[in-house]
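Examination of the molecular architecture
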Amino acid sequence: MSYIEELQKRVQHIEKGGQIKYHQKNEEKGKLFVRKRLELLFDEGIDIEDAFFANCMDDSLPSDGVVTGIGKINGQDVCVMANDSTVKAGSWGKRTVEKILRIQETALTLELPILYLVDSAGARITDQIEMFPGRRGAGRIFHNQIKLSGRVPQICLLFGPSAAGGAYIPAFCDIVVMVDGNASMYLGSPRMAEKVIGEKVTLEEMGGAKMHCSVSGVGDVLVKTEPDAISYARNYLSYFPKNFREKPRAYESKEVKEFEKSIEDIIPENQNAPFNMHDFINRIIDEDSFCEIKKKFAPELITGLSRINGKSVGIIANQPRMKGGVLFPDSADKAAKFIQLCDAFNIPLLFLMDVPGFMIGTKVERAGIIRHGAKMLAAMSEATVPKISVIVRKAYGAGLYAMAGPAFEPDAVIALPTAQIAVMGPEAAVNAVYANKIAELPEEERASFIKQKQDEYRDDIDIYRLASEMVIDAIVEPNNLRKELVERYRIYEAKNVLFTERKHGVYPV
Amino acid sequence: MEEVKAMMAGNVWKIVVAEGDTVEEDQDIVILESMKMEIPIAAEEAGVVKEIKVAEGDFVNEGDVIAIIES
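Residues numbered from 1 in each chain as written. Chains lettered and ligands numbered in written order. Predicted model: local features only at pLDDT ≥ 70, side-chain atom pairs only at ≥ 80, totals over all residues.

For the rest of this paragraph, the subject is the environment of Pro 248 of chain A. All names here are of chain A. Tracing the sequence through the fold places Pro 248 in the loop between helix 11 (226-237) and helix 12 (263-266). You can call Pro 248 buried: it has 21 C-beta atoms within 10 Å. Measuring from C-alpha to C-alpha, the distance between Pro 248 and Lys 311 comes to 7.6 Å, with 63 residues separating the pair along the chain. Ignoring anything within four residues of it in the chain, the contact list for Pro 248 reads Tyr 239, Phe 240, Pro 241, Ser 312, Asn 346 and Ile 347. (Helix = DSSP H or I, 4+ residues; strand = E, 2+ residues; numbered from the N terminus. Buried ≥ 20, exposed ≤ 12 C-beta atoms within 10 Å, placed from the backbone. Contact = placed C-beta atoms within 7 Å.)

Before going further, it helps to examine the environment of Lys 295 of chain A. Note on placement: Lys 295 of chain A falls in the loop between strand 9 (291-293) and strand 10 (301-308). Along the backbone, Lys 295 of chain A and Leu 222 of chain A are 73 residues apart, and their C-alpha atoms lie at a distance of 8.6 Å.

Turning next to the nonpolar core. Residue and element names in this part refer to chain A. If you look at the biggest cluster of nonpolar residues, it comprises 143 residues, and the most contacted ones within it are Leu 157, Leu 158, Val 177, Met 178, Ile 339, Leu 352 and Ile 391. Considering each element in turn, this core owes the most residues, seven residues, to helix 14 (residues 329-344). Summarising the domain contributions, this core has at least three residues from each of domain 1 (3-237) and domain 2 (263-419 + 472-492). What Leu 157 contacts, discounting residues up to four positions off in sequence, is Leu 115, Leu 117, Val 118, Val 177, Ala 229, Ile 230 and Ala 233. Among the nonpolar cores identified, the runner-up in size contains six residues, and Ala 121, Ala 163, Met 185 and Tyr 186 belong to it. (Core = buried A, V, L, I, M, F, W, Y, C linked by C-beta atoms within 7 Å. Domains from an automatic or database assignment.)

Right, let's get into the interface of chain A and chain B. Each partner contributes to the interface: chain A provides 15 residues, whereas chain B provides 11 residues. Taken together, the residues of the side of chain A that touches chain B break down into six nonpolar, five polar and four charged. (Nonpolar A, V, L, I, M, F, W, Y, C, P; charged D, E, K, R; others polar.)

Further remarks concern the sheet that holds strand 5 (residues 37-42) of chain B. Reading across from one edge, 5-4-2-7 (chain B) is the order of the four strands in this open sheet, with antiparallel pairing throughout. Each edge of the open sheet is held by one strand with a lone partner, namely strand 5 and strand 7 (59-60) of chain B. (Pairing = 2+ DSSP bridges.)

Looking now at the sheet that holds strand 8 (residues 65-70) of chain B. Residues and elements named next belong to chain B. Across the sheet, four strands lie side by side as 1-8-6-3; this open sheet has antiparallel pairing. The sheet is open, and its two edges are formed by strand 1 (2-5) and strand 3 (22-23), each paired on a single side. One ladder, built from four bridges, connects strand 6 (residues 47-52) with strand 8; its direction is antiparallel. Residue Val 48 lies in a different strand from strand 8, and its bridge partner there is Glu 70.

Another aspect to go through is the pairing of strand 5 of chain B. Residue and element names in this part refer to chain B. The pairing of strand 4 (residues 28-34) with strand 5 spans six bridges and is antiparallel. Following the sheet pairing, Asp 28 is matched in strand 5 by Ala 42. The turn joining strand 4 and strand 5, which pair antiparallel and follow one another in sequence, is formed by two residues; a positive phi near 55° is taken by Met 35.

Residues and elements named next belong to chain A. Those residues of helix 10 (residues 209-216) lying buried are Ala 209, Met 211, His 212 and Cys 213. Tucked into the core, helix 10 has its buried residues touching strand 6 (175-179), strand 7 (184-186), helix 9 (203-207) and strand 8 (221-223). Just beyond helix 10, the residue with positive phi is Gly 217, at close to 80°.

Right, let's get into helix 16 (residues 369-382) of chain A. Here helix 16 of chain A is 14 residues long and its end C-alpha atoms lie 20 Å apart, about the 20 Å a rise of 1.5 Å per residue gives. Restricting attention to buried positions, one finds in helix 16 of chain A the residues Ile 369, His 372, Gly 373, Lys 375, Met 376, Leu 377, Ala 379 and Met 380 of chain A. (Expected span 1.5 Å × (residues − 1).)

Structural data, given as structure tokens:
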């Protein structure tokens, strides 16, 4: 056999991955082979691959169960690590870990985005001394991820399990896309849970994609198939620059989608009646440009990337259709992470306010709503990208603060004529101030007294009064809002500020 | 069968369907009143309303079952 023939033979063997039976098993579950996944992910396949021959002295471990390399997404070079679950269930040996570390270090040096295509059973127990505890052990993967965080976009596509320590790969990514039915994350398997703590539970219930994307919030995006996950990631990256030093790429501006009802028509006059904030968002952004994050988790707050006039804008919007748009511990956490994500990568922020405040009651106090709310305030306050807050309807109490109210250095606070800013709404305020008085009044006089006091209160918080006091910077007709935003974002693009100098803040976590 | 649950604590303000009604996905079943806001609680799946477990004026806690829908 010639040298060339030997090389070709070895390459062919490695490219095939693990045994046929494991390929078949994956196929039954709707799982694609790792090289097929990469073909779909990149514009034109993987451009360079490193340590293709890792562990090639052992025929049963092609590439040691992981593909690492660089390819292009939307014309941009990105690093990738992709587990091969046909090789020992994608488990990590010494060389697997070293390959992952090296591609992370390449991402650090070149300041390129990195994607983790995870489908792995975790550590190879038989190899633990070589891959678990040491300086170049698996712990360093997370150390590298933490170092990469905020420098370059980190994306996790979860196609299979991500178990025990491995579950921290998704945890440190900016975003985690999970394939329903196949993806899972857990520290201890259901079998272990039964043995160690006596709990009987299924994998889906404990660590499935649906659970993580709607209850725990560890997952961000739930998709049906692997190609869906891949196309989500390609689209998501189009809103980002390659690293924290640059601004996102500008695309050609698209008109707003045409609707029968205008913005004015969709906002109910009654402040307490719900409406769908998505309808509002769709009337100010470029057509079909909304890329929602954490759709199923804490839906009372909408977070997503969009384009306005072809440029990336991160939207944080209260959703009156869900839980009245009230802020809860989970919605505060969701907002904090999203704001940090946008601020890290120079994506301007837009806050759309229609918020009755933070939730009250025993349940949320025990859950530490003050601590969680503080995270949102801190993230919003620290964000130095252009930030505009729009008061759509009510902005009550600490809700005004958390949604980038005037005290938090937004570049502008814009009110629609329907805006109402106050410590609390008229109903609650009149009740708080006059509760005793109302109780003393004869039954038949109460209603008219309450109405009179509420009207007085409404006059007191009149939006023109607040404009006169310069609490807000502009009052804009809803149908002119987009135009106003386009102009303001164009002008604020020059913004270049440092929040403050120090090692780091000490806020609640 | 789907249990429609209260997504937050509040009072049942209006029940907008009746037992036996056919409902679509995302159709409102009841409207709660909480934090001075109207909070619609919708069906997550289409089906027939088998049972309504609350009355107008009732206090419900987060997670309480409001209705049962048979798909």
